[in-house]
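Chain and residue survey
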Amino acid sequence: MDTSSNENIQLFCKSSTQPVGQPSFKTEYSSSKEEQRCCGELKVFLGALSFVYFAKALAEGYLKSTITQIERRFDIPSSLVGVIDGSFEIGNLLVITFVSYFGAKLHRPKIIGTGCLIMGVGTLLIAMPQFFMQQYRYEKYSPFSNSTLSLSPCSLESDNQLPRSVIEKSQSKRNDGCVQTVAIIGPIFGFLLGSLCAKLYVDIGFVNLDHVTITPKDPQWVGAWWLGYLIAGIVSLLAALPFWCLPKSLPRPRSGEDSSSSSEKSKFIMDDHTDYQTPLGEESKIMEMARDFLPSLKNLFGNPLYLLYLCASTVQFNSLFGMVTYKPKYIEQQYGQSSSKANLVIGLINIPAVALGIFSGGIVMKKFRISVYGAAKLYLGSSVLGYLLFISLFALGCENSDVAGLTVSYQGTKPVSYHERALFSDCNSRCKCSETKWEPVCGENGITYASACLAGCQTSTRSGKTLIFYNCTCVGIAASKSGNSSGLVGRCQKDNGCPKMFLYFLVISVITSYTLSLGGIPGYILLLRCIKPQLKSFALGIYTLAIRVLAGIPAPMYFGILIDTSCLKWGFQRCGSKGSCRLYDSDAFRHIYLGLTVMLGTVSIFLSIAVLFTLKKNCVSKHRSFRTKTEGTMVSTRIRKENCTTSDLLLQPNYWPGKETQL
């Protein structure tokens, strides 16, 4: 299912044809009916395959959109979330190589259907922890009430006080362009579904939502992450149904027998013109195919062009997988946006730009009839320009939020060195506060405090879901005007220039996504044309396996580990172990996230240059070999013609040597 859709369609249409020279007893009418039946079943197969690609891409896109929700719900660091994200690819490791090799010779529709069933069940299992774990518990200051309250957060909060729960007792060629386009649409719907679910409370349907005192903008908010997995799982199960009703193969229409369907064959491989097809009337032997496995693998890795392109793609996908996995988190932390909005802009802006870039690359390749060498240059050029644009994002970051004791001192001066007791000051020394809690309060002075207790607040009032604290001693000492010492629940907004920076970030990000994706189709064409025709399916399987193993699994892990090093304030689980990060150093996060992406991209560019030089060398050597062979053939033909002419003349009765030169 991860190999090319073009291979799926071509192999599905292969079937036994009549031997050459044997008369056909079918009438024109029956031939027309057979062709209509073939086209009808092929359309069904194409539609079903497109739906499978959509379902798979939907699940993958939704997984990326729920990273921050899962991190908060289970109180785990980014490094562990990276392991969860990478584990999504592990299932492919066990079967993808053998499916790509044997699947081309067995009942491919049923193999695809089985894969869909497994994928659907696995997606449903991801949502199961929600139904077996206790409901989400977040910190809150007081029971919900519409009345005005008078309480003292400073004196009520202490080290041994257990947090209250919100829970009261109530308890997811044209056919090949078609399929790839649908595969691009999948992540769009995945991120949009993630945006919708992020607005819904995690325990929706299990609790009375009137008792929920936080909003999606609150740092403690967790959306209904599990709901999208149920939807994606059901979609995958539905996608499996049509494949159990399809035959193993279809008769190829007679009108298409003389068409040059294998136009890519011999465009680059000039020394092998053998047509490798399954013998007619014979079933594939599993053991015979198994014996050819290692020789095929050796043949594949003996191709230096394929090996270099594989390395270049693997490094580049490390860059792209890491970037996409943590992009919603980067938007949230760097620009102060909600999880729902981060997923929305990625789904509506970034992914359509990628789809447009891939489509544009295909149009350019077709319209200008670009050769394989030109495709390699276009692939390299798009990578170079894309990563140059990406570098400009370093200048489009926002400064750290002013958080007392973490990024600024309690007096409001910058900077401050973070250490264990930095959260405590003289203004809150008489309060028995916990340094592990993260219940941010925005002071009237524009500084965020880790909790109302650490802000030294004495009283509070609540009206609906709005909670205001008064007489906050720490806010008063840093107040810039009139000594106002009140505060609101939640973090303060970023500085005034941050919304403008976010807009610039979106523009550059869209252009970069479009530019990088321009090289998608040229790179794919390069991959197909640098291998022998009989190894195409196997080569695509190995390629996909390498991308999954060496990029899809490790990239989210080490990106997450490095991102965790920029954490300023860690949360702690109820058992005392370290939980998820509550606050990041914006500058460090930006440099790690963007720097790692650019570094990997630069390595892939150098490998792509090596691909270009190797391709040029191969093309020149093959052209010389072909030219020498052609010239040799022409010389031998001319000599044979001269010999034949001389012998013919000698046989003529009126011919003698020297006749042409005699006056």
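Preceding this section is the structure that the text describes.
Here the residue numbers are simple positions, counted from 1 along each chain's written sequence. Local features are withheld for residues below a pLDDT of 70 in this predicted model, meaning they are given only at 70 or higher, and side-chain atom pairs are given and counted only at 80 or more; totals for whole chains, interfaces and linings count all residues. To obtain the side-chain values, all non-hydrogen atoms of the structure were used and water was disregarded.

Glancing now at the overall build of the protein. Labels follow the DSSP assignment, with helices taken as runs of H or I lasting at least four residues and strands as runs of E lasting at least two, numbered in each case from the N terminus. Helices and strands together make up the secondary structure of the protein, namely 22 helices and seven strands. Only protein chains enter the accessibility calculation, which uses a 1.4 Å probe. A residue is then buried if its area is under 20% of the maximum for its type, exposed if over 50%, and partly exposed in between. Each of the 663 residues in the protein was classed as buried or not, and the buried ones make up 47%. Exposure was quantified through the Shrake-Rupley algorithm and a 1.4 Å probe, taking into account, for residues, occlusion by the shown protein chains and nothing else. As displayed, the protein offers around 32,600 Å² of accessible surface, 62% of which is attributable to carbon and sulfur atoms.

Note that a disulfide, as used here, is simply two cysteine sulfur atoms within 2.5 Å. Scanning all chains against the criterion turns up six disulfides. In this model Cys 457 forms its disulfide with Cys 472; the gap between the sulfur atoms is 2.0 Å. For the disulfide bridge between Cys 457 and Cys 472, the dihedral angle about the S-S bond is near 100 degrees, and by the sign convention the bridge is right-handed. Taken together, the residues span a long stretch of sequence, with Cys 457 in the loop between strand 2 (448–449) and strand 3 (459–463) and Cys 472 in the loop between strand 4 (466–470) and helix 17 (473–477) at a distance of 15 residues. Taken individually, Cys 457 and Cys 472 each receive the classification buried, so the pair is uniform in this respect. Disulfide pairing places Cys 567 opposite Cys 581 at an S-S distance of 2.1 Å. Between Cys 567 and Cys 581, the S-S dihedral sits near 105 degrees, and the bridge is therefore right-handed. One end of the pair, Cys 567, is in strand 6 (residues 567–572); the other, Cys 581, is in strand 7 (residues 578–584), with 14 residues separating them in the sequence. Owing to a relative accessible area of 8%, Cys 581 belongs among the buried residues under this scheme.

Structurally, the position occupied by Asp 564 is in helix 21 (residues 554–564). Here the side chain of Asp 564 touches Ser 78 through a polar contact of 3.2 Å, landing on its backbone nitrogen. What Asp 564 contacts, discounting residues up to four positions off in sequence, is Pro 77, Ser 78, Ser 79, Trp 570 and Tyr 584. Here a polar contact is recorded for every N or O atom pair within 3.5 Å, except that within protein the pair must consist of a potential hydrogen donor and a potential acceptor, and residues adjacent in sequence are included only if both atoms are side-chain atoms. Two residues qualify as a contact provided that any one of their heavy atoms is within 4.5 Å of a heavy atom in the partner residue.

Turning next to the pattern of salt bridges. Definition used for salt bridges: Asp or Glu carboxyl oxygen within 4 Å of a side-chain nitrogen of Lys or Arg. Counted under the stated rule, the structure contains seven salt bridges. Where Asp 85 meets Lys 64, a salt bridge forms, and the shortest distance between an N and an O atom there is 2.9 Å. Residue Asp 85 is located in helix 4 (residues 78–87), and its partner Lys 64 is located in helix 2 (residues 28–65); the two are separated by 21 residues in the primary sequence. The same class applies to Asp 85 as to Lys 64, namely buried.

The next subject is the sheet that holds strand 2. Ordered in space as 2-1-5-4-3, the five strands form an open sheet in which the pairing is antiparallel. One side of each edge strand has no neighbouring strand; the edge strands of this open sheet are strand 2 and strand 3. As judged from the five bridges shared by strand 3 and strand 4, these two strands associate in the antiparallel manner. Residue pairing in the sheet places Ser 463 in a bridge with Thr 466 of strand 4. Paired strands, as defined in this entry, are two strands with at least two bridges between them according to DSSP.

Before going further, it helps to spend a moment on the environment of Gly 357. The residue Gly 357 is located in helix 15 (residues 339–367) in this model. Distance in space between the C-alpha atoms of Gly 357 and Ser 513 is 7.7 Å, their sequence separation being 156 residues.

This next bit is on the packing of helix 16 (residues 372–391) against helix 18 (residues 498–517). Viewed as axis vectors pointing N to C, helix 16 and helix 18 meet at an angle of 165 degrees, and their least axial separation amounts to 8 Å. As far as their axial angle goes, helix 18 and helix 16 are roughly antiparallel. For the element pair helix 16 and helix 18, the recorded crossing hand is left-handed. Each of Ser 382, Ser 383, Leu 385, Gly 386, Tyr 387, Leu 389 and Phe 390 in helix 16 lies in contact with helix 18, whose residues at this interface are Ile 508, Ile 511, Thr 512, Thr 515 and Leu 516. Partitioning the contact of helix 16 with helix 18 into residue classes produces seven nonpolar, five polar and no charged. Each axis is a line fitted through C-alpha atoms, taken for helices only over the stretch in contact, and angles between the N-to-C directions span 0 to 180 degrees. Angles below 35 degrees are treated as roughly parallel, those above 145 as roughly antiparallel, those between 65 and 115 as roughly perpendicular, and all remaining angles as oblique. The hand of a helix crossing depends on one turn: near helix anticlockwise from the far one by less than a right angle means left-handed, and clockwise means right-handed. Following the grouping adopted for this structure description, the nonpolar residues are Ala, Val, Leu, Ile, Met, Phe, Trp, Tyr, Cys and Pro, the charged ones are Asp, Glu, Lys and Arg, and the polar ones are all others, Gly among them.

The next subject is helix 6 (residues 108–126). Between its terminal C-alpha atoms helix 6 stretches 27 Å, which fits the 27 Å expected from 19 residues at 1.5 Å a residue. The complete set of buried residues in helix 6 reads Arg 108, Pro 109, Ile 112, Gly 113, Cys 116, Met 119, Gly 120 and Thr 123. All buried residues of helix 6 project into a common sector of 135 degrees when viewed along the axis, lining one side. Exposed and oriented more than 90 degrees from the buried face of helix 6 are Ile 118 and Leu 125. Take the residue count of a helix, subtract one, and multiply by 1.5 Å to get its expected span. Each direction from the helix axis to a C-beta atom contributes to the arc, which is the arc of those directions.

Position of Asn 445 relative to the elements: it lies in the loop between strand 1 (441–443) and strand 2. On the basis of relative accessible area, Asn 445 is assigned to the buried category, the value being 16%. At a separation of 3.1 Å, a polar atom in the side chain of Asn 445 contacts the side chain of Tyr 449.

Positive phi values are uncommon outside glycine, yet Asp 75 reaches one of about 55 degrees. Summarising the element assignment, Asp 75 is placed in the loop between helix 3 (67–73) and helix 4. Since its relative accessible area comes to 13%, Asp 75 is described here as buried. Notably, Arg 369 is not glycine yet its phi reads approximately 50 degrees, a positive angle. Residue placement: Arg 369 occurs in the loop between helix 15 and helix 16.

Residues enter a nonpolar core if they are buried and are Ala, Val, Leu, Ile, Met, Phe, Trp, Tyr or Cys, with the set joined through side-chain atoms within 4.5 Å. Of all hydrophobic cores here, the largest spans 33 residues; its most connected members are Tyr 330, Ile 331, Tyr 335, Phe 502, Phe 505 and Tyr 593. For this core, the element with the highest residue contribution is helix 22 (residues 586–651), accounting for six residues. Contact partners of Phe 502, with chain neighbours within four places excluded, come to Ile 331, Tyr 335, Gln 337, Lys 341 and Val 345. Membership of the second largest hydrophobic core comes to 29 residues, among which are Val 372, Tyr 379, Ile 542 and Ile 547.

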